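# Reading the structure
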Amino acid sequence: MKKIFATCLMAIVALTASAQKFALVDMEYILKNVPAYERANEQLNQVSKKWQAEVEALNTEASTMYKNYQNEVVFLSQEQKKAKQEAIMQKEKEASDLKRKYFGPEGELFKKRESLMTPIQEEIYNAVKDIADLRGYSIVVDRASDSGIIYGSPKIDISNEVLQKLGYAN
């Protein structure tokens, strides 16, 4: 549905604005050639692994507590059982809360990704905008996105020009 809508929109724009100029960029290609993006991704991977290990450690601790509880359950009074069950549930909740804190929709990883990637994206956007203004492009479309582009002539692909503008000549 999204592709059909995008294709229809592109066709309508093309028909109504035949005098306008278009260009394509390949954001995947551009990002692969921007060292700051690779460094940011590596930083994100490292911090993600560290945080994942913290969450897994809490889950392992909860699992160990549960196994110990199962082994001891026959020797425990009702009060002791209840206390151990609550401790296990608390440890599981702690792990769940930590996972949400780090990896949730507004979690630390999201914030870290945003702080690292936003400046890179803005720099690329500004380079694309400058080239579009200079060459008179009305629309610049990302060929790497799921936009429904079936074919784009390499003649209108300005990806290398964007890299040159960013200082990463190819």
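The structure this text deals with has already been given above.
These figures come from a predicted structure and were not determined experimentally. (Residues numbered from 1 in each chain as written. Predicted model: local features only at pLDDT ≥ 70, side-chain atom pairs only at ≥ 80, totals over all residues. Heavy atoms only, no water.)

### Observations regarding the overall build of the protein chain
Basically, it comes down to this: In DSSP terms, a helix is any run of H or I states spanning at least four residues, a strand is any run of E spanning at least two, and both are numbered starting from the N terminus. Throughout, exposure labels follow a simple rule: accessible area from a 1.4 Å probe, protein chains only, divided by the maximum for the residue type, with under 20% read as buried, over 50% as exposed, and the rest as partly exposed. Shrake-Rupley sampling with a 1.4 Å probe provides the accessible areas, and residues are treated as covered by the protein chains on show and by no other component.
A tally of helices and strands in the protein chain yields six helices and two strands. Going from the N terminus to the C terminus, the protein chain shows its helices and strands as α-β-α-α-α-α-β-α. The buried share of the protein chain, taken over its 170 residues, is 26%. Split by element, the accessible area of the protein chain, about 11,700 Å² in all, is 55% carbon and sulfur.

### Some details on the packing of aromatic side chains
Selection criterion: Note on aromatic pairs: the rings of Phe, Tyr and Trp (six-membered ring only in Trp) are paired at centre separations within 6.5 Å, and the planes decide the class, stacked below 30 degrees, edge-to-face beyond 60, tilted for the rest.
The full count for this structure, using the stated rule, is three aromatic pairs. Between Trp51 and Tyr102, the aromatic rings sit 4.5 Å apart at their centres with planes inclined by 5 degrees, giving stacked as the arrangement. Within this pair, whereas Trp51 is found in helix 3 (residues 35–72), its partner Tyr102 is found in helix 4 (residues 78–103), the two being separated by 51 residues in sequence. Exposure class is identical for Trp51 and Tyr102. Each is buried. Here the aromatic rings of Tyr102 and Phe103 are separated by 6.3 Å at their centres, their planes lie at 80 degrees, and the arrangement is edge-to-face.

### Side note on the environment of Phe22
Inspection of the secondary structure puts Phe22 in strand 1 (residues 21–25). Using a relative accessible area of 26% as the deciding quantity, one classes Phe22 as partly exposed. On a C-alpha basis, the gap between Phe22 and Ser138 in space is 6.0 Å, while along the polypeptide they are 116 residues apart.

### As for the packing of helix 3 against helix 5 (residues 108–135)
Note the following rule: Axis definition: a line fitted to C-alpha atoms, limited for helices to the stretch in contact. Angles are taken between N-to-C directions and run from 0 to 180 degrees. What sets the label is the angle itself: under 35 degrees gives roughly parallel, over 145 gives roughly antiparallel, 65 to 115 gives roughly perpendicular, and the rest give oblique. Two residues qualify as a contact provided that any one of their heavy atoms is within 4.5 Å of a heavy atom in the partner residue. Three classes are used, and their members are as follows: Ala, Val, Leu, Ile, Met, Phe, Trp, Tyr, Cys and Pro are nonpolar, Asp, Glu, Lys and Arg are charged, and the others, Gly among them, are polar.
Closest axis-to-axis distance for the helix 3/helix 5 pair is 10 Å, and the angle between their directions is 175 degrees. Considering the angle they form, helix 3 stands roughly antiparallel to helix 5. When helix 3 is examined against helix 5, the residues Ala36, Tyr37, Ala40, Asn41, Gln43, Leu44, Val47, Ser48 and Trp51 are found in contact with a partner set consisting of Glu108, Leu109, Lys112, Arg113, Leu116, Met117 and Ile120. Considering only residue class, the contact of helix 3 with helix 5 consists of ten nonpolar, three polar and three charged.

Geometric descriptors of this kind do not, in isolation, establish any biological role.
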